[in-house]
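# Topology and contacts: notes
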Amino acid sequence: AWRLLSAVLPARIYREVDDRLYTIYQSMVLFFFENYTGVQVIIYGDLPKNKENVIYLSNHQCTVDWIIADMLAVRQNALGHVRYVLKDGLKWLPLYGWYFSQHGGLYVKRSAKFNEKEMREKLRTQMKAETPMYLVIFPEGTRYNPEIPKVIADSQSFAEKEGLAILKHVLTPRVKATHVAIDTMKDYLDAVYDVTVAYEGTVDHKGQRKLAPSMTEFLCKECPRVHIFIDRIELKDIPEEQIYMRRWLHERFEIKDKLLIEFYDAKDSKRRNKFPGKSVHSKLSLKKTLPSLLFLGGLTASMLLTESGRKLYVKTWIYGTLLGCLWVSIKP
């Protein structure tokens, strides 16, 4: 029903309401990820206080990486503006696969199946509607997982074949989605945020890197601190042609790799588990999360307390998922 309203409401009004709804929902999520778990968010570099139209480039290790973008956006009062570039298979997630799409997210296929024209058209539609943009891209294309060494080895082999620096703690980045996004929106964006994320406690007793925490593990308080290094890059400092942007992007991932080598492998133990430079322990105020938790929690609880409400809740998940899958298969 909400999606059908987009055909009736002016695009700008629909987007503003949708962004507010997204903010309410994600604020509740952030309550659990920050206030409930008590995780310390340590920020390095310069995170602007004001909202900006940006592309957010980050290394990718686990599902919590999605929430890290929200953690930064909420500190700029831009939580509702977060949109993701996602691998195509995620569009089949129950309810969420459809919602990410209608909220302005972009599903892309890998390698030769990547549809550049389709992505450009979607981005132009967003710009035409004056959609605020906090577009999150994970250029590695998949997660860095120490428990799957073949993926890491293949990535390093590809880099060596292409004459690129071999990376240890990140995968060789893919440039297509980043190039299409920057090239299409270059007159719409304020900057690119180059973000490096490290989760404390992900090294075993032998000093070897372990798998980053899953959402469940994170919520079970198994990660004491998240370290986030932010480098704000002006558009004028990024090459426009794809062949040169590819080299630039790889150089940015070389910088990430050096930061992570310092974080995990520094010879001096006092330098481990932190990035170089000044840092700030950024604590999120309950005012930004508790009202949304009480509102959505109260709404859900009131539904589940009655038999008719429980039936409606279950039917929403079942029929909403079916309709969502049908929608994204017709209009991804």
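Right above here is the structure, for reference.
Residues numbered from 1 in each chain as written. Predicted model: local features only at pLDDT ≥ 70, side-chain atom pairs only at ≥ 80, totals over all residues. Heavy atoms only, no water.

Each helix and strand in the protein was counted, giving 11 helices and eight strands. Overall size of the protein, expressed as C-alpha extent along the three principal axes, is 60 × 45 × 40 Å. In the protein, buried positions account for 47% of the 332 residues. Partitioning the contacts of the protein with sequence separation of at least 6, the portion at a separation of at least 24 is 79%. Summed over all atoms, the accessible surface of the protein reaches about 17,400 Å², with 57% contributed by carbon and sulfur. Each charge class in the protein can be summarised by its mean position, and for the 50 positive and 38 negative side chains these summaries are 4 Å apart. (Helix = DSSP H or I, 4+ residues; strand = E, 2+ residues; numbered from the N terminus. Buried < 20%, exposed > 50% of the residue type's maximum accessible area, 1.4 Å probe, protein only. Contact = heavy atoms within 4.5 Å. Areas by Shrake-Rupley, 256 points an atom, 1.4 Å probe, with all protein chains shown as cover. Lys, Arg positive; Asp, Glu negative; His and termini not counted. Charge placed at Lys NZ, Arg CZ, Asp CG, Glu CD.)

In the structure shown here, the tally under the stated rule is 21 salt bridges. Residues Asp 154 and Lys 150 are paired through a salt bridge, measuring 2.8 Å at the closest nitrogen-oxygen approach. Note that Asp 154 and Lys 150 are positioned in helix H6 (residues 149–161) at a spacing of four residues, about one turn of the helix. Taking relative accessible area as the criterion, Asp 154 reaches 42% and is therefore assigned partly exposed. Taking the shortest distance from any N to any O, the salt bridge between Asp 194 and Arg 252 comes out at 2.7 Å. Of the two residues, Asp 194 sits in strand S6 (residues 191–199) while Arg 252 sits in helix H9 (residues 242–265), which places them 58 residues apart along the sequence. Like Asp 194, the residue Arg 252 is buried in the burial classification. Overlapping salt bridges, with partners in common, bring together Glu 116, Arg 120, Asp 183, Lys 186 and Glu 240 in one network. (Salt bridge = Lys/Arg side-chain N within 4 Å of Asp/Glu carboxyl O.)

With respect to topology, eight strands assemble into an open sheet ordered S4-S3-S5-S2-S6-S7-S1-S8, the strand pairing being mixed. Because the sheet does not close on itself, it has two edges, and the strands there are strand S4 (106–108) and strand S8 (279–281). Ignoring which end each strand starts from, the neighbouring axes of this sheet average 25° apart. Across the sheet, helix H3 (residues 64–74) touches strand S1 (40–45), strand S2 (54–58), strand S3 (82–87), strand S5 (134–137), S6 and strand S7 (225–233), and the angle it forms with S3 is around 160°. (Pairing = 2+ DSSP bridges. Axes fitted to C-alpha atoms, helices over the stretch in contact; angles between N-to-C directions.)

As a further point, take the packing of aromatic side chains. Remark: the centre distance and the inter-plane angle together describe each pair of aromatic rings, the angle taken between the planes. Here the structure, examined in full by the defined rule, presents 17 aromatic pairs. Measuring from ring centre to ring centre gives 6.3 Å for Tyr 44 and Phe 229, while their planes differ by 20°; the resulting arrangement is stacked. Placement of the pair is Tyr 44 in strand S1 and Phe 229 in strand S7, with a sequence separation of 185 residues. Judged by its relative accessible area of 2%, Tyr 44 falls in the buried class. Geometrically, the ring pair formed by Tyr 84 and Phe 100 is edge-to-face, given 5.8 Å between the ring centres and 75° between the ring planes. (Phe/Tyr/Trp six-rings, centres within 6.5 Å; stacked < 30°, edge-to-face > 60°.)

Attention shifts here to a positive patch on the surface. Together, Lys 87, Arg 110, Arg 143 and Arg 174 make up a positively charged patch on the protein surface. Positionally, Lys 87 belongs in strand S3. (Patch = residues over 30% accessible without salt bridge, like charges linked within 9 Å, V, L, I, M, F, W, Y side chains within 5 Å.)

Right, let's talk about unusual backbone geometry for a bit. Across the chain, the bulk of peptide bonds are trans and the bulk of non-glycine residues have phi less than zero. Of note, the phi angle at Lys 221 is positive, near 65°, even though the residue is not glycine. For Lys 221, the location among the structural elements is in the loop between helix H8 (215–219) and S7. Residue classification places Lys 221 among the partly exposed residues on the basis of a relative accessible area of 48%. Phi is positive for Asn 273, close to 60°, though the residue is something other than glycine. Its place among the elements puts Asn 273 in the loop between H9 and S8. According to the relative accessible area criterion, Asn 273 is partly exposed, its value standing at 33%.

With that settled, consider the packing of helix H5 (residues 116–128) against helix H7 (residues 176–185). In contact at an axis separation of 10 Å, H5 and H7 are set at 40° when each is read in the N-to-C sense. By the angle class used here, H5 and H7 are oblique. Both H5 and H7 take part in a crossing whose hand is right-handed. Of the residues in H7, those in contact with Glu 116, Met 119, Arg 120, Leu 123, Arg 124 and Met 127 of H5 are Ala 177, His 179, Val 180, Ala 181, Asp 183, Thr 184 and Met 185. Of the residues that constitute the contact of H5 with H7, the class distribution is seven nonpolar, two polar and four charged. (Parallel < 35°, antiparallel > 145°, perpendicular 65-115°, else oblique. Left-handed = near helix turned anticlockwise from the far one by under 90°. Nonpolar A, V, L, I, M, F, W, Y, C, P; charged D, E, K, R; others polar.)

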